[in-house]
2 protein chains.
Amino acid sequence: MAVLLYGKPVVEEIERRLMPEIDELKARHGTTPSLVVVQVGDDPASTRYVGRKIQSCERLGMRAQHVLLRSDIGPAALRNEVARIGASKDVHGVLVQLPLPRQIEDPDASGGADPIDKFDVLDAIPPEKDVDGIAAGTVAELYRARTRRLTFLPSTALAVKRLMDYYRIETRGKRAVVIGRNDITSKPIMLMLGGRICDASVTWLHRHVSKDIQEEALAKADIVVTAVGRADYRITREMLKPGVVFIDVATRVTESGKLVGDADFEPVSEIASAITPVPGGVGPITVAALMENTVRAARFAAGAGGLGYTFHQGPAQP
Amino acid sequence: MAVLLYGKPVVEEIERRLMPEIDELKARHGTTPSLVVVQVGDDPASTRYVGRKIQSCERLGMRAQHVLLRSDIGPAALRNEVARIGASKDVHGVLVQLPLPRQIEDPDASGGADPIDKFDVLDAIPPEKDVDGIAAGTVAELYRARTRRLTFLPSTALAVKRLMDYYRIETRGKRAVVIGRNDITSKPIMLMLGGRICDASVTWLHRHVSKDIQEEALAKADIVVTAVGRADYRITREMLKPGVVFIDVATRVTESGKLVGDADFEPVSEIASAITPVPGGVGPITVAALMENTVRAARFAAGAGGLGYTFHQGPAQP
């Protein structure tokens, strides 16, 4: 049976590291790390995710603000609002909850002639406040993959890295498969795994790759990271190599109201060497990684922290 | 026997498209496209490459300037020089010839305490003049992979795309292998092939991937793009699937003075369905792609051209 890669101890370790940093920011710099989450429209899943981020900030003694905007806001107005929020010196981190409504995600498809789109909105976040790691400058640093020069790793990629490190999952030279091309989950994880941060050999799969080719790649994989989350997509035990490390970034609510990932969990956990549960795996670490990035942003603002991340294998020494 | 993917007809097609654009820039906008190539030190291979770029500009009636700097220049001085060149309104494109000397490529390794490195030098190129597609803003657009919003595709990636289009090589859903992690050749090609521009399934190989895993991936590949160029690296016929499309971006001069790529050319060409010769394959197209990007940059400056690239399959209709 697989080792269950629970998120909880990883979250606890991240928070144990953050707490003295938050205290120090308050005591020595007179500042409290502050995150603004911008949500457009009231999609229930987004509302739930945003709620968790806000609660986590509050639990750690940080400030959080939830800005809820009407779903019919135009791209230019949203961009201006994000820029306005980002300009405040009391705000350290700005996150725009994705996905955005159709007219902003894809203005062409919705018939709009507006040349401003989602990426212009995201690029309005000041680079030193881009805690979700999505704006142009942050993306370029991920591409360049210099651990010591990173401003922000995207929260999900950082969560996967902290998870793999905590459980001592080796990546260098391993066959990794990353499924999906989302700009904020799979794509940064692919670049992180295959680039200089993790040195794995990555095969990148997505909707244009046939079932046969996907299965061929999965059957060889030492590490699978998947973030599809569609009802018609399921990775079964037969598709995987015994001993695989399975990291399930997807979350989807079934018709019966159950939260599941992309793995057919019970059978896969019988042959995997390690697997993240859903819920309770990557999800909570992603929130903790966002907290880590928000504290980083507050440290940047206070002149108390530099670029780069420090990674180490295994649980922290007491 | 493989179809030989000669660069010449692709170059001719690119140049036939550029010539009226250059004429129009001169006649209607009173401007001549102008490229500055900055070379640091006098490495003979770099000097040869730079020479070809300059000659190609001149042959097309464009302006070119070769700025040769001493090999012991410091990173800050080089960055300032690049910024100064980029600020001139008479300069449309700025290219910094890579690799740079050790003290700039990797200041830590050479014992320097200078926090400025290669990427800071490259980021001093104004985004609308970054004809090599290497500065932070340009890299982010490649990551996002929106064909209609690209400022500049890196010359080598653009060359590979124009080559594949000309010879009608399908990429969507194909198994592609990209070998190498160079920021200006393999990495952009990997992102282009696996992302929304080409929709292939990419396996990304590099020095940290064992020989076994590399061979396993190569044996399945429909398309191989390789850019290693080391004497101890050779891809042989036995390692490949019959019918493979082999795109050889590497160039290396052997002890006997012959220019070769990564493929064991003769035997590989007996089983491949298509292969680029070295010399005469990707190399000349890379120079033409740089010319295309320089004309783009001049059109941006004249207000005569917008973002995005247009791609089409097969030779252009007369």
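Numbering of residues starts from 1 in every chain and runs along the sequence as written. Whichever chain is written first is A, and whichever ligand is written first is 1; the rest continue in order. Thresholds applied to this predicted model are a pLDDT of at least 70 for local features of residues and 80 or more for the giving and counting of side-chain atom pairs; totals over whole chains, interfaces and linings are not thresholded and use all residues. Excluding hydrogens and water, the side-chain values take into account all heavy atoms of the structure.

### Some remarks on the overall build of chain A
- Put simply, DSSP marks the helices as runs of H or I at least four residues long and the strands as runs of E at least two long, and each gets a number from the N terminus on. Counting its secondary structure elements, chain A contains eleven helices and eleven strands.
- With the C-alpha coordinates of chain A rotated into their principal frame, the extents come out at 55 × 50 × 40 Å.
- Each residue is assigned to one of three classes by its accessible area relative to the maximum for its type, calculated with a 1.4 Å probe on protein chains only: buried under 20%, partly exposed between the two thresholds, exposed over 50%. For chain A, with 318 residues in total, the buried portion stands at 58%.
- Under the convention used here, Asp and Glu are negative, Lys and Arg are positive, and both His and the chain ends fall outside the count. Charge coordinates come from a single atom per side chain, which is NZ of Lys, CZ of Arg, CG of Asp or CD of Glu. Taking the 41 positively charged and 40 negatively charged side chains of chain A as two groups, their mean positions are separated by 5 Å.

### Examining helix α7 (residues 155–166) of chain B
Residue and element names in this part refer to chain B.
- By this rule, a helix spans an expected 1.5 Å times one less than how many residues it contains. The end-to-end C-alpha distance of α7, which contains twelve residues, comes to 16 Å, matching closely the 16 Å that a straight helix rising 1.5 Å per residue would cover.
- In terms of burial, α7 is largely enclosed, as twelve of its twelve residues are buried.
- Inspection of α7 places Ser155, Thr156, Ala157, Leu158, Ala159, Val160, Lys161, Arg162, Leu163, Met164, Asp165 and Tyr166 among the buried residues, and these make up the whole buried set.
- Contact criterion: two residues are considered in contact whenever any of their non-hydrogen atoms come within 4.5 Å of each other. Structurally, α7 contributes buried residues whose contacts are with α1 (8–29), α8 (186–194), β8 (245–248) and α11 (282–302).

### Structural notes on the environment of B:Lys161
Residue and element names in this part refer to chain B.
- Locating Lys161 in the fold gives a position in helix α7.
- Distance in space between the C-alpha atoms of Lys161 and Asn182 is 18 Å, their sequence separation being 21 residues.
- Each residue touching Lys161, except ones within four places of it in the same chain, is listed here: Met192, Ile197, Cys198 and Phe311.

### A closer look at the sheet that holds strand β4 (residues 93–96) of chain B
Residue and element names in this part refer to chain B.
- A pair of strands is considered paired only if DSSP assigns at least 2 bridges between the two. Read across the open sheet, the three strands follow the order β3-β2-β4; overall the sheet is parallel. Edge positions in the sheet fall to β3 (63–69) and β4, since each of these pairs with one other strand and no more. In this sheet, adjacent strand axes meet at a mean angle of 15° when their direction is disregarded.
- Note: strand β2 (residues 34–40) against β4, four bridges, orientation parallel. Paired with Val36 across the strands is Val94, a residue of β4. The convention used is that axes are lines fitted to C-alpha atoms, helices contributing only their stretch in contact, and that angles between N-to-C directions extend from 0 to 180 degrees.

### Some details on the sheet that holds strand β3 (residues 63–69) of chain A
Residue and element names in this part refer to chain A.
- If you trace the three strands from one edge of the open sheet to the other, you get β3-β2-β4, paired in parallel fashion. Each of the sheet's edge strands pairs with one partner strand only, and the pair in question is β3 and β4 (93–96). Taking the axes of each pair of neighbouring strands and ignoring which way they run, one obtains an average angle of 15° across the sheet.
- Inspection of the sheet shows strand β2 (residues 34–40) paired to β3 by seven bridges, in the parallel sense. Its bridge partner lying in β3, Val38 is registered against Val67.

### Here we look at the packing of aromatic side chains
- Only the six-membered ring of Trp is used, alongside the rings of Phe and Tyr, when aromatic pairs are assigned; centres must lie within 6.5 Å, and planes under 30 degrees apart are stacked while those over 60 apart are edge-to-face, with the rest tilted. A complete count under the given rule lists six aromatic pairs over all chains for this structure.
- The aromatic ring of B:Tyr49 is capped on one face by B:Arg48, whose charged end is 5.9 Å from the ring centroid. Criterion for a charge above a ring: Arg CZ or Lys NZ at most 6 Å from the ring centre, at most 35 degrees from the ring normal.

### Some points on the interface of chain A and chain B
- Taken together, the contacts link 42 residues of chain A with 42 residues of chain B.
- For the pair chain A and chain B, the summed buried surface comes to about 3900 Å²; carbon and sulfur atoms form 48% of the total.
- Note on terms: buried area is the combined drop in 1.4 Å-probe accessible area of two parts once they are placed together, counting the loss on both. Of all residues in chain A, A:Tyr143, A:Arg144 and A:Trp204 bury the most surface against chain B, accounting for 19% of the area lost on that side.
- A side-chain nitrogen of Lys or Arg and a carboxyl oxygen of Asp or Glu constitute a salt bridge if their distance falls within 4 Å. Where chain A meets chain B, there are 16 salt bridges.
- Between A:Asp199 and B:Arg181 there is a salt bridge; the shortest N-O distance is 2.8 Å.
- Think of a polar contact as two N or O atoms within 3.5 Å of one another; within protein, one of them needs to be a possible hydrogen donor and the other a possible acceptor, and neighboring residues in sequence only count if both atoms come from side chains. The interface formed by chain A and chain B holds 28 residue pairs in polar contact (both at pLDDT 80 or more) in total.
- At the level of elements, α5 (118–122), α6 (136–144), α8 (186–194), β6 (201–205) and α9 (211–220) of chain A are the ones that each hand at least two residues to the side of chain A that touches chain B.
- If you tally residues by element for the side of chain A that touches chain B, the top one is α6(A), at six residues.
- When residues are grouped by polarity, Ala, Val, Leu, Ile, Met, Phe, Trp, Tyr, Cys and Pro land in nonpolar, Asp, Glu, Lys and Arg in charged, and all others, Gly among them, in polar. Taken together, the residues that form the side of chain A that touches chain B break down as 18 nonpolar, seven polar and 17 charged.

### Re the packing of α1(B) against α7(B)
Residue and element names in this part refer to chain B.
- Orientation of α1 relative to α7, taken along the N-to-C sense of each, is 105°, at an axis distance of 10 Å. Looking at the two axes, α1 sits roughly perpendicular to α7. Contacts from Pro9, Val10, Glu13, Ile14 and Arg17 of α1 reach α7 at Arg162, Leu163 and Tyr166.
- Looking at the contact of α1 with α7 residue by residue, the classes come out as five nonpolar, no polar and three charged. Roughly parallel means an angle under 35 degrees; roughly antiparallel, over 145; roughly perpendicular, 65 to 115; everything else is oblique.

### Here's the deal with helix α2 (residues 44–59) of chain B
- The end-to-end C-alpha distance of α2(B) is 22 Å, a good match for the 22 Å that 16 residues give at a rise of 1.5 Å each.
- In the core, the buried residues of α2(B) are packed alongside α1, β2, β3, β4 and α11 of chain B.

### Some thoughts on the UniProt feature "domain: Tetrahydrofolate dehydrogenase/cyclohydrolase NAD(P)-binding" (unreviewed entry) in chain A
- As annotated in UniProt, the feature "domain: Tetrahydrofolate dehydrogenase/cyclohydrolase NAD(P)-binding" (unreviewed entry) corresponds to residues 154–299 of chain A in the numbering used here.
- Structurally, residues 154–299 of chain A comprises 38% helix and 16% strand, and the distance from its first C-alpha atom to its last is 17 Å. UniProt positions are given in the numbering used here, feature names are shortened, and annotations may be inferred rather than shown by experiment.

### Digging into the packing of α2(B) against α11(B)
All names here are of chain B.
- Where α2 contacts α11, the two axes come as close as 10 Å, and the packing angle between them is 55°. By the angle between their axes, α2 is oblique relative to α11. Note that α2 runs across α11; the crossing there is right-handed. Contacts between α2 and α11 pair Arg52, Lys53, Ser56 and Cys57 from the former with Val287, Leu290 and Met291 from the latter. Here a crossing is called left-handed whenever its near helix is offset anticlockwise from the far helix by less than a right angle, and right-handed whenever the offset is clockwise.

### Section: the domain arrangement of chain A
All names here are of chain A.
- Where a domain begins and ends is set by an automatic assignment or by a domain database. In terms of domains, chain A is made up of domain 1 (29–126) and domain 2 (154–282).
- Each of domain 1 and domain 2 was reduced to a C-alpha centroid, and the two centroids are 27 Å apart.
- Each partner contributes residues to the interface: domain 1 has four residues there, and domain 2 has four residues.
- With both chains or domains summed, domain 1 and domain 2 bury close to 270 Å², and 51% of this area falls on carbon and sulfur atoms.
- Linking domain 1 to domain 2 there are zero salt bridges.
- Between the two partners, domain 1 and domain 2, sit one residue pair in polar contact (both at pLDDT 80 or more).

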